[in-house]
Structure formats: C-alpha cells, structure tokens
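If you want the building blocks of each chain, they are given just below.
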Amino acid sequence: MRVLVVEDARALAEVIAEGLHDQGMAVDVAHDGLDAAAKLDINAYDVVVLDRDLPGIHGDTLCQMITERDGRVMVLMLTAAGTPGDRVSGLTLGADDYLAKPFHFPELVLRIRALARRRPAARSRTLSAAGIELDPMRRTVSRDGRQLDLSVKEFAVLEALLSASPAFLSTEDLLEQVWDEHADPFTNTVTVTISRLRRKLGGPPVIATTPGVGYRIIDPVDPLD
C-alpha cells in the first residue's frame, strides 16, 4: 500500500510517515499543496492523508482535484478543524473519511487500511492464492494452515504479489509499492526480501522469478498456469 501524507507541520508529518512505515506502508510526504499535486501526477497512491490548511494549494482545493481524477485515490482528511460542521464540509468536498487532531495513531492506521479496502479496484479483505491466506487488516498470513511470522517488509511484498496475482510485479513495481520515492533503484533490497520470504513460505516454491520481467505468485500444482 502506498500513502501520501500531506501535512505542513514537518515534525508531525515525519512522525506519521515513520509510524506508517513501521506498519509496512510505502509513504511519501508533501509539506504543501503544490508539492502534493506534483507527487499525485507522478505516483499512484492508495490513500492520501490530507491536512486542510495547507500553503500553496489549500487542502480543500486539493481534495476536490483528487476526487475529479481518474483512478480514484481515497482521501482521509486529518485536521485540527474537528467540529461537526467542519467534518460535514470536508466530506462534502469529496473526502472519504475525516479524523480530527489530536488523534490516536492506531485509529489512523485502521482508517487508512479501511479506505484502501474501499477503493473501487480494491480486492476482498483476505488475499488468497497457492494455499496462502493473507489478511491485511489483522496482519496475519498462513500457508496451508501454518501461521507465518513475517517482517513488515516481507508481509508488504507478499501482499503486493497476492494483490497483483497472477500478474508479474517488477523490481521497480515492488520498490514503488512497498518502499517509497526515495528507494534506490539499484539496491538489492527487493532480491534480499524475496529470498527471505521464500524461505519462510517453505516448499514447494510459490514465488516465481522471470529475469527481465519480475516476480509473481504461482500455484505449485500447476506452475505454468
């Protein structure tokens, strides 16, 4: 899952980004509306966490711009304007959810994950393939009934592969979806994470690699399917 945090209070933005990183999300940060609009033109996001009172382009205007786009991105307004009237006006602008500051961080995480599930192209709550069952909300994964203990990045990579299945994801795709815009495209972090994930998933192998194409989930019963 990839999230854009748009918040002009830099300290708060970094705290939110770090916390979401720890939850396995790829997170980019913009400190004003202009930078946010530029990032939205370049990158594909699942959820935008949006402050209202932004320099450059006001959060209300940015929210309206997002809702008018193709390839709908879900918007969570996170703002100090927390009266019932503020919430109504924010939702009227097209925001999908509204959370007032100060907020409880676990609630923010749950709301972001819920919004990602509600996206028009979102899949069902549980992702399943090749004997693997992954629940993004509960953060659980099993293979053939055996519970697996995955790191944050291993879980995020597996979630991305299952969401894309049966299609391939390239190294660049995984860097974009699981890491963020600052990820080094020449790093071997994807290869290392895939290797660790394969070991934890056990045999028979369910992650296939095609050089020059990428990775995908296969059914070990019929790996050519």
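The sections below set out a description of the structure shown in this document. Just so we're clear, the structure is a prediction, and the values are computed from it rather than from any experiment. (Residues numbered from 1 in each chain as written. Predicted model: local features only at pLDDT ≥ 70, side-chain atom pairs only at ≥ 80, totals over all residues. Heavy atoms only, no water.)

To continue, consider the packing of helix α6 (residues 152-164) against helix α7 (residues 171-178). Orientation of α6 relative to α7, taken along the N-to-C sense of each, is 120°, at an axis distance of 10 Å. Overall, the two elements α6 and α7 adopt an arrangement that is oblique. Crossing of α6 over α7 shows right-handed handedness. Residues Lys153, Ala156, Val157 and Ala160 of α6 form the contact with α7, whose participating residues are Leu174, Gln177 and Val178. Grouping the amino acids of the contact of α6 with α7 by side-chain chemistry returns 5 nonpolar, 1 polar and 1 charged. (Axes fitted to C-alpha atoms, helices over the stretch in contact; angles between N-to-C directions. Helix = DSSP H or I, 4+ residues; strand = E, 2+ residues; numbered from the N terminus. Parallel < 35°, antiparallel > 145°, perpendicular 65-115°, else oblique. Left-handed = near helix turned anticlockwise from the far one by under 90°. Contact = heavy atoms within 4.5 Å. Nonpolar A, V, L, I, M, F, W, Y, C, P; charged D, E, K, R; others polar.)

Within α7, the full set of buried residues consists of Leu174, Leu175 and Val178. All buried residues of α7 lie within an arc of 100° about the axis, which places them on one face of the element. Its buried side turned inward, α7 meets β2 (26-30), α6, α8 (189-201) and β11 (214-217). (Buried < 20%, exposed > 50% of the residue type's maximum accessible area, 1.4 Å probe, protein only. Arc of directions from axis to C-beta.)

For strand β1 (residues 2-6), the buried fraction is high: 5 of the 5 residues fall into the buried class. Of the two faces of β1, the one carrying Arg2, Leu4 and Val6 and the one carrying Val3 and Val5 are both buried. Looking at chain direction, β1 and β2 are connected through 5 bridges and run parallel. Note that in β2 the partner of Val5 across the bridge is Val29. (Pairing = 2+ DSSP bridges.)

Turning to unusual backbone geometry, a few remarks are in order. Following Lys101, the chain continues into Pro102 via a peptide bond in cis, with omega recorded as -5°. Secondary-structure assignment places Pro102 in the loop between β5 (97-100) and α5 (105-118). Here the residue pair Gly203 and Pro204 is connected by a cis peptide bond, since its omega of -5° sits within 30 degrees of zero. Summarising the element assignment, Pro204 is placed in the loop between α8 and β10 (207-210). Look at Ala130: it is not a glycine, yet its phi comes out positive at around 50°. Among the secondary structure elements, Ala130 is positioned in the loop between β6 (127-129) and β7 (132-135). Even without being glycine, Asp144 reaches a positive phi, approximately 50°. Turning to its location among the elements, Asp144 is positioned in the loop between β8 (140-143) and β9 (146-147). We classify Asp144 as exposed; its relative accessible area is 61%.

In this section: the sheet that holds β8. Strand pairing in a sheet relies on backbone hydrogen bonds. The paired strands run either parallel or antiparallel. Pairing is antiparallel across the open sheet formed by 4 strands, whose spatial order is β6-β7-β8-β9. The open sheet has two edge strands, β6 and β9, and neither has a second partner. Relative to β7, β6 runs antiparallel, the two sharing 3 bridges. Across the sheet, the residue bridging to Ser128 is Glu133, located in β7. Those strands touched by α6 are β6, β7 and β8, and its axis lies near 110° from that of β7.

Below, the discussion takes up the nonpolar core. Leu158 and Ile207 are the most contacted members of the largest nonpolar core, which totals 27 residues. Contributing elements (two or more residues each) for this core: β6, β7, α6, α7, α8 and β11. Among the elements that make up this core, the one with the highest residue count is α6 (7 residues). With residues near it in sequence (within four places) discarded, Leu158 still touches Ile132, Leu134, Val141, Leu150, Leu197, Leu201 and Ile217. (Core = buried A, V, L, I, M, F, W, Y, C linked by side-chain atoms within 4.5 Å.)

What follows is about the sheet that holds strand β3 (residues 47-50). As summarised here, the arrangement of the 5 strands in space is β2-β1-β3-β4-β5, forming an open sheet in which the pairing is parallel. What marks the edges here is a single partner per strand, and that holds for β2 and β5. The sheet shows a mean angle of 20° between the axes of neighbouring strands, direction not considered. Of the pairings in the sheet, the one linking β3 to strand β4 (residues 74-79) comprises 4 bridges and is parallel in character. Within the sheet, the bridge partner assigned to Val49 lies in β4 and is Leu76.

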